[in-house]
Amino acid sequence: MEASNSLFTATINSVSSNRIIYTPSTFARSSLIHLQETGTLQAIHPHKNERNGLSSCLFFIVLNGTGKLAYAGEVYELKTGDCVFIDCKKTYSHETGNSISIERIDAARCTEDLWSLQWCHFYGPNMGAIYHKYQERGGKPVFQTSQLNAYHDILDELYNIASSPDYVRDMRIHEKLSSLLILLMEDAWDADKRAETSSDTIDIQKVKEYLDANFKEKITLDGLASRFYISKYYLLELFKERYGVTVNAYLNQLRVTYIKQKLRFTDETVERIAEELHIEPTYLSRLFKKMERVSPSKFRKTWKGSGTASQREERNSETEEEKQKKLHNI
């Protein structure tokens, strides 16, 4: 459904904006990362907005001017080029121009300091967990980025898609918002931490390469720490910062992937696969079911099915041979 132009431009009290207030489909709202609002605005008077309890995430870029953000008990001074990403379920406020003493400046200076923004509000069924992961990776509510043009491009594309009659636009919006989240996750690993640990990054890469090559062996955290001459606690911290998962979680991913390959493309038993991985069969089954939500035997049956026609004939033939052997043995 196309919207009238009145929905795209507005001058409301203190701002002039080009915005789209978007209503996603029921399917998009329940299943996709969906858009709620996007656009650009120019403040024309000092103002302050306070909100809380919104089922929304807000991302915006300060295009020009200055302002403030109050969020999660902190106050951030904002300037041109700053990016903001927050969970709007928490109380927050943002303002521009209110810190300026009107008595000591002229109108031109006031206009110069008032900000212009490019933003989007969006949400999805798993956004709470995604924002938590962003924070775990070191993501901040306010940050500077070397990828600013990429953020601009995504916001421009969101606006264009939302204002189009494209009948699959909710899917395209989901794709663009996913791209936005990928950029945010890339920027989440704090630049200061990267600089501080740059000398250790090679060691962590070597740890990952070792796990990739030796996941079938019996591996312990103490053993890894000893092999790479690093505190096991520091190893855990660096690995989680670099790859977003714990050492144990990464090792389990490698093992479960290997188990899946064996279940699908060989006839090896669970016991034999467990022996290859140097783990107990019962532990293998628990681990597999925890990660795949299905038992190894059910996974094998689902993916391998009953086989091809030639395989079925071969099995039938083998079965007949076994019957004949039994008859001769009587």
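This text goes with the structure placed above it.
Rules behind the numbers
- Residues numbered from 1 in each chain as written.
- Predicted model: local features only at pLDDT ≥ 70, side-chain atom pairs only at ≥ 80, totals over all residues.
- Heavy atoms only, no water.
- Core = buried A, V, L, I, M, F, W, Y, C linked by side-chain atoms within 4.5 Å.
- Buried < 20%, exposed > 50% of the residue type's maximum accessible area, 1.4 Å probe, protein only.
- Helix = DSSP H or I, 4+ residues; strand = E, 2+ residues; numbered from the N terminus.
- Contact = heavy atoms within 4.5 Å.
- Phe/Tyr/Trp six-rings, centres within 6.5 Å; stacked < 30°, edge-to-face > 60°.
- Pairing = 2+ DSSP bridges.

Caption draft 1: Local environment of the nonpolar core. Residues Phe59, Phe85, Ile86, Cys120, Phe122, Leu180 and Leu184 are the most contacted members of the largest nonpolar core, which totals 48 residues. The element that contributes the greatest number of residues to this core is helix H5 (residues 169-188), accounting for eight residues. Here Ile86 is in contact with Ser56, Cys57, Leu58, Leu69, Tyr71, Tyr92, Tyr131 and Pro141, once residues within four sequence places are set aside. Of all hydrophobic cores here, the second largest spans 29 residues; its members include Ile219, Phe228, Ile230 and Val247.

Caption draft 2: Fine view of the packing of aromatic side chains. Under the criterion given, the structure shown has 13 aromatic pairs. Taken together through their ring pairs, the aromatic side chains of Phe85, Phe122, Tyr131 and Tyr134 make up a single cluster.

Caption draft 3: Looking closely at the environment of Lys262. One can find Lys262 in helix H10 (residues 247-265). Between the C-alpha atoms of Lys262 and Arg300, which are 38 residues apart in sequence, the distance is 9.0 Å. Lys262 has contacts with Glu268, Ile273, Glu276 and Arg300, leaving out every residue within four places of it along the chain.

Caption draft 4: A look at the pairing of strand E6 (residues 67-71). Here E6 shows a buried face lined by Gly67, Leu69 and Tyr71 and an unburied face lined by Lys68 and Ala70. The pairing of E6 with strand E7 (residues 74-78) spans five bridges and is antiparallel. Looking at E7, one finds that Lys68 is bridged to Glu77. Adjacent in sequence and paired antiparallel, E6 and E7 are bridged by two residues, among which Ala72 carries a positive phi angle near 50°. Here E6 runs beside strand E9 (residues 92-96); their pairing, made up of four bridges, is antiparallel. Residue pairing in the sheet places Leu69 in a bridge with His94 of E9.

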